[in-house]
Amino acid sequence: MCELLGMSANVPTDICFSFSGLRARGGRTGPHKDGWGMAMYRDGDVWAIHDPRPSADSDMAEVISNTSLKCDIVISHIRQANVGAVSLLNTHPFNRLFWGKTWTYAHNGQLESSGSLPIEHYHPLGSTDSERAFCWIVEQLQTRFGEQEPALDDVSAVLSELALQLKAMGVFNMMLSDGVRLYCFCTTKLHWITRRAPFKKATLSDEDVIIDFKEVTTDKDVVTMIATQPLTHDETWQQMEEGELCVFEGGEVVCQIKANL
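To start, this report covers the structure provided alongside it. In this text, all values refer to a predicted model and were calculated from it rather than measured experimentally.

### Description of the pairing of strand E1 (residues 3–13)
Each regular strand carries side chains that alternate between the two faces of the sheet.
Then step 1. With eight of 11 residues buried, E1 is to be regarded as a mostly interior element.
Then step 2. Pairing geometry for E1 and strand E4 (residues 71–78), over seven bridges, is antiparallel. Considered in E4, the bridge of Ser8 is made with Ile73.
Then step 3. When E1 meets strand E12 (residues 222–227), the two strands line up antiparallel, connected through five bridges. By the bridge assignment, Ser8 is partnered in E12 with Thr224.

Structural data, given as C-alpha cells:
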C-alpha cells in the first residue's frame, strides 16, 4: 500500500527532514515506487507538486528534500499502485475547491466497489478509488451543510461518519486539509508525534540523517508530524486507533473522535 506524511505547525516550518525519510521509502527502502506528491499550505494558500516517478529517484523530490519551503500544513503521499495506472492524474494528493477554500486529500488503502459511491457534481480526473472517495466526501459535506462551512465539531462528526462508511469498504487511512486544519483518519496505520520545547535530536529510520531541533526552532514552536509508519527511531510516536479521527490545528490536537468498533 501507499504511505502518508502530514504536518501541522503553529509557525511556518519546512518539511525537509521528514520528507527525506519518507522519500527513501519510495523505491529504495520501501516498495512505494509508483509516484509521489505533496501539497503545502501557507496562510491558506496551497502549492502542490506531483510526480509519477519513484520519489527515491526523482530530481524534484531531491529539491524538496533540500529546500526550506516553510509551510503551516503539509500532506505528502508515496504511491504503491493497486487501482489505476501509474500516471500524473492518479498521483496523490488530490484537491477540490469548496467552501471558498482549496481542500487537499490523500488516501492509503484500497476500497472495494468504490464505483458504487454516488457522485453528481464532483468527478475524478483519474481512475483511482481514492479520488472517487474524495469526490464523494466533498459532495456529502455540501449536501449536509450547503454552502456555509459549519463549526469544527460538526465537520469532524460528519467526516468521522463518512470515513467509517469508507472503512467498511476496505482500508481507508486518510489525510484531508482546508489549509487551516489537518483531518486524519486511521483504519490500519497512522502515527503522530508533537515536537515542542525542550527540543531534542532525532534520527531518521530510513536515512543516515540526524537533526538537532533546538538549532532550527524557537521555544514557542509546536510542530506535529503524522506518518503511516514512524520516521524516526529515537522518538516516541503515538499510534492512532482503528476508526479514530484526529484533527490538528497549529500543531495541536483540536478534536478526537474514536469509534466504538
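### Section: the packing of aromatic side chains
Then step 1. Under the criterion given, the structure shown has 10 aromatic pairs.
Then step 2. Aromatic pair Trp192 and Phe248: ring centres 5.4 Å apart, planes at 65 degrees, arrangement edge-to-face. Of the two residues, Trp192 sits in strand E9 (residues 191–196) while Phe248 sits in strand E14 (residues 244–249), which places them 56 residues apart along the sequence. There is no split in this pair, since Trp192 and Phe248 are both buried.
Then step 3. Joined through ring pairs, the aromatic side chains of Phe98, Trp99, Trp103, Phe145 and Tyr183 make up one cluster.

Definitions and limits used
- Residues numbered from 1 in each chain as written.
- Predicted model: local features only at pLDDT ≥ 70, side-chain atom pairs only at ≥ 80, totals over all residues.
- Heavy atoms only, no water.
- Buried < 20%, exposed > 50% of the residue type's maximum accessible area, 1.4 Å probe, protein only.
- Helix = DSSP H or I, 4+ residues; strand = E, 2+ residues; numbered from the N terminus.
- Pairing = 2+ DSSP bridges.
- Phe/Tyr/Trp six-rings, centres within 6.5 Å; stacked < 30°, edge-to-face > 60°.

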